[in-house]
Amino acid sequence: MSNLARRDIRMAVVAALGTITGLTVVSPGVWDSVPSTFPEAKVRVLVDRKTSTGRHEPGFTTVVTLQVKLAVQNTTAEAAQDDIEALGNLVEIAVLGSPALVGQIQQFPQVVTETGVSTDGALPIGWAVLMLDVETFEHFDQVVLGTAPAVPLDTVQATVKADGAADAITLVSNVNP
């Protein structure tokens, strides 16, 4: 796993969703939905939380929260509800069972799904929002401080305005690096 766990996990989810025939997958993309792209899935990372594994260690248990928005359209509200529930099931099977994703994480601590049907348009739209918490381990290489020689400054020049704000600060050194 790279130092960008959230990106690696998002891309693995996008790849898993790409295995569902006929599904348009967008990440992050434009979040407005157009019925001509239905059925569709939109994937984005909402937040990642890093918890230290110990003092003086650049290691973290990271929980990435992904949002997967799904949309389908059908001729009746009942059919749209059935379609979105079926699509939500396919998404869970594809993502939670993805060898590429499961192989790089520790667990899915939580999956929350909200579904509904909107009858505001010409045809009913079934929608679902899946919130996937994905836990992984991240380790960052330590930065070695003091590897570049410090350049001593002979003087610091500053121009200060009447209101007290610094207009310009110039650092002057007589040492050639």
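Residues numbered from 1 in each chain as written. Predicted model: local features only at pLDDT ≥ 70, side-chain atom pairs only at ≥ 80, totals over all residues. Heavy atoms only, no water.

J.: For this particular structure, what's the right way to read helix α2 (residues 77–96)?
T.: Working note: α-helix, 3.6 residues per turn, so residues spaced by three or four point in the same direction. With 20 residues, α2 extends 28 Å between its outermost C-alpha atoms, agreeing within 8% with the 28 Å of an ideal straight helix rising 1.5 Å per residue. Listing the buried residues of α2 in full gives Ala79, Ala80, Ile84, Leu87, Gly88, Val91, Ala94 and Val95. Along the long axis of α2, the arc covered by the buried residues comes to 170°, so they all point the same way. Those residues of α2 that are exposed and angled more than 90 degrees off the buried face are Glu78 and Ile93. Buried residues in α2 make contact with α1 (5–17), β2 (40–52), β3 (59–73), α3 (99–102), β4 (107–118) and β5 (125–139). (Helix = DSSP H or I, 4+ residues; strand = E, 2+ residues; numbered from the N terminus. Expected span 1.5 Å × (residues − 1). Buried < 20%, exposed > 50% of the residue type's maximum accessible area, 1.4 Å probe, protein only. Arc of directions from axis to C-beta. Contact = heavy atoms within 4.5 Å.)

J.: What is the right way to read the pattern of salt bridges from this model?
T.: Side chains bearing opposite charge may pair, as long as their charged atoms lie close to each other. The final tally for this structure, using the stated rule, is five salt bridges. The residue Lys42 makes a salt bridge to Glu40 at a minimum N-O spacing of 3.7 Å. Glu40 carries the same exposure label as Lys42, and that label is buried. Taking the shortest distance from any N to any O, the salt bridge between Asp48 and Lys50 comes out at 2.9 Å. The partly exposed category is assigned to Lys50, whose relative accessible area is 32%. (Salt bridge = Lys/Arg side-chain N within 4 Å of Asp/Glu carboxyl O.)

J.: Just to check I follow, could you spell out the nonpolar core for this structure?
T.: Nonpolar side chains tend to gather and get buried jointly when the protein is soluble and globular. In this structure, Val13, Leu17, Leu66, Val68, Leu70, Val91 and Val95 are the most contacted members of the largest nonpolar core, which totals 26 residues. Among the elements of the structure, α1, β2, β3, α2 and β5 are those that each provide at least two residues to this core. By residue number, the principal contributor to this core is α1, which donates six residues. Dropping the residues within four chain positions of it, Val13 is found in contact with Val43, Leu66, Val68, Val95 and Leu101. (Core = buried A, V, L, I, M, F, W, Y, C linked by side-chain atoms within 4.5 Å.)

J.: Where do I start with α1 in this structure?
T.: If you check α1, its first and last C-alpha atoms are 18 Å apart, about what 13 residues at 1.5 Å a residue would give, namely 18 Å. Of all the positions in α1, only Ala5, Asp8, Ile9, Arg10, Ala12, Val13, Val14, Ala16 and Leu17 are classed as buried. Summarising the contacts, the buried residues of α1 are in contact with β1 (24–26), β2, β3, α2, α3 and β5.

J.: Teacher, can you tell me more about the environment of Ser98 here?
T.: Along the chain, Ser98 turns up in the loop between α2 and α3. The class of Ser98 is buried, set by a relative accessible area of 8%. Those residues in contact with Ser98, other than ones at most four positions away along the chain, are Ala16 and Ile93.

J.: What am I meant to see in the pairing of β4 here?
T.: Examined bridge by bridge, β4 and β5 share ten bridges and lie antiparallel to one another. Bridge pairing links Gln110 to Asp133 in β5. Linking two consecutive strands that pair antiparallel, namely β4 and β5, is a turn of six residues. (Pairing = 2+ DSSP bridges.)

Note that all results are geometric; they support no functional claim without further evidence.
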